[in-house]
Amino acid sequence: MIELIPAIDIIEGQCVRLTKGDYGAKTVYSSNPVEVAQHFESLGLRRLHVVDLDGAKSRHIVNVATLRAIVKATSLVVDFGGGIKSDDDLEQAFAAGASMVTIGSVAVSHPELMTRWIETYEPERIILGADVRQGRLSINGWLEQSDTDVLSFIGHYHRLGIRQVLCTDIAKDGTLSGPSLPLYQEIMAAFPDLHLIASGGVASDDDIRWLEAAGIPAVVFGKAFYEGRLTITPSDYEHH
């Protein structure tokens with residue numbers, strides 16, 4: 001069964017969603033991310049993806065207090081991303097209780113630092129963030145475009161032991177227009193042992209079933225849940 005991972009995106013301590021990564025296209029869904037996390041846990045979920053959007057934009061962790069509060073109030077396995085640019089940022093995230101961190105921009109722009117983190121913290125604790133726009137990687141809150149190709153990027157870190165990759169198609173994110181199945185199938189064909197986490201575009205239960213049928217191991221969802229488009233019961237998760 002596909003692993004279902006809800007997302008909480010945070011700006012100024014609030015639970016929000018952006019459309020295609022546009023900070024000007026923000027919808028606030030809750031002023032209390034801790035309550036949202038507790039609700040996910042009450043549905044039988046085990047995992048949670050927390051994104052510090054302020055951190056991604058400002059290039060250092062900002063919402064660490066919210067992360068700490070979520071970890072303290074739930075037993076969810078939390079992975080945290082956004083703004084992790086330095087040893088201090090990474091140490092803060094782990095100290096606040098993140099089980100794993102998602103690293104994207106540093107992996108693109110400072111591969112030597114990413115390599116050291118993989119060696120220091122073990123590859124199992126690091127999720128490679130691959131944020132894709134037209135086949136190339138975007139960084140720093142998706143505000144900058146790189147020339148790095150997604151398959152070569154994943155391949156480099158796969159050789160270093162990374163097996164979890166969170167791949168977001170930016171053109172789909174927050175649009176409720178369906179996930180980028182061809183992109184995910186291309187990645188899985190190249191790296192069959194990846195725990196690939198599909199992100200962006202999920203609009204319905206059918207989208208998740210579609211990903212599952214295609215053999216995609218995991219999916220992140222946010223806006224579809226907040227807008228009542230997903231039907232979630234604890235039995236959906238009893239295999240995790």
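Residues numbered from 1 in each chain as written. Predicted model: local features only at pLDDT ≥ 70, side-chain atom pairs only at ≥ 80, totals over all residues. Heavy atoms only, no water.

1. Thoughts on the packing of helix H1 (residues 33–42) against helix H3 (residues 64–73)
Where H1 meets H3, the axes come as close as 9 Å, and the angle between the chain directions of the two elements is 35 degrees. Seen from above, H1 lies across H3 with right-handed handedness. Note on element contacts: H3 touches H1 through Thr66, Ala69, Ile70 and Ala73, opposite Pro33, Val34, Ala37, Gln38 and Glu41. (Axes fitted to C-alpha atoms, helices over the stretch in contact; angles between N-to-C directions. Helix = DSSP H or I, 4+ residues; strand = E, 2+ residues; numbered from the N terminus. Left-handed = near helix turned anticlockwise from the far one by under 90°. Contact = heavy atoms within 4.5 Å.)

2. A closer look at the environment of Pro6
Within the secondary structure layout, Pro6 lies in strand E1 (residues 3–11). When its relative accessible area of 0% is taken as the criterion, Pro6 is described as buried. Separated by 42 residues in sequence, Pro6 and Leu48 place their C-alpha atoms 5.4 Å apart. Excluding anything up to four places from it in sequence, Pro6 contacts Phe40, Leu45, Arg47, Leu48, His49 and Phe221. (Buried < 20%, exposed > 50% of the residue type's maximum accessible area, 1.4 Å probe, protein only.)

3. With respect to the side chain of Ser138
Structurally, Ser138 is set in strand E8 (residues 136–139). In this structure the side chain of Ser138 is engaged in a polar contact, spanning 3.1 Å, whose partner is the side chain of Arg133. Beyond its immediate chain neighbours, meaning those up to four positions away, Ser138 contacts Asp131, Arg133, Glu144, Gln145 and Ile170. (Polar contact = N/O pair within 3.5 Å; in protein donor to acceptor, adjacent residues only side chain to side chain.)

4. Remarks on the packing of helix H4 (residues 87–95) against helix H6 (residues 111–121)
Remark: H4 packs on H6, axes separated minimally by 12 Å, with the N-to-C direction vectors making an angle of 35 degrees. As for how H4 packs across H6, the hand of that crossing is right-handed. Touching Asp87, Leu90, Glu91 and Phe94 of H4 are Leu113, Arg116, Trp117 and Tyr121, all from H6. Grouping the constituent residues of the contact of H4 with H6 by class yields 5 nonpolar, no polar and 3 charged. (Nonpolar A, V, L, I, M, F, W, Y, C, P; charged D, E, K, R; others polar.)

5. Digging into the side chain of His49
Its location among the elements puts His49 in strand E4 (residues 47–52). There is a polar contact of 2.6 Å between the side chain of His49 and the side chain of Asp79. Other than its neighbours up to four places away in sequence, His49 contacts Ile5, Pro6, Ala7, Ile8, Asp79, Thr102, Leu166 and Val220.

In short, geometric facts, not functional conclusions.
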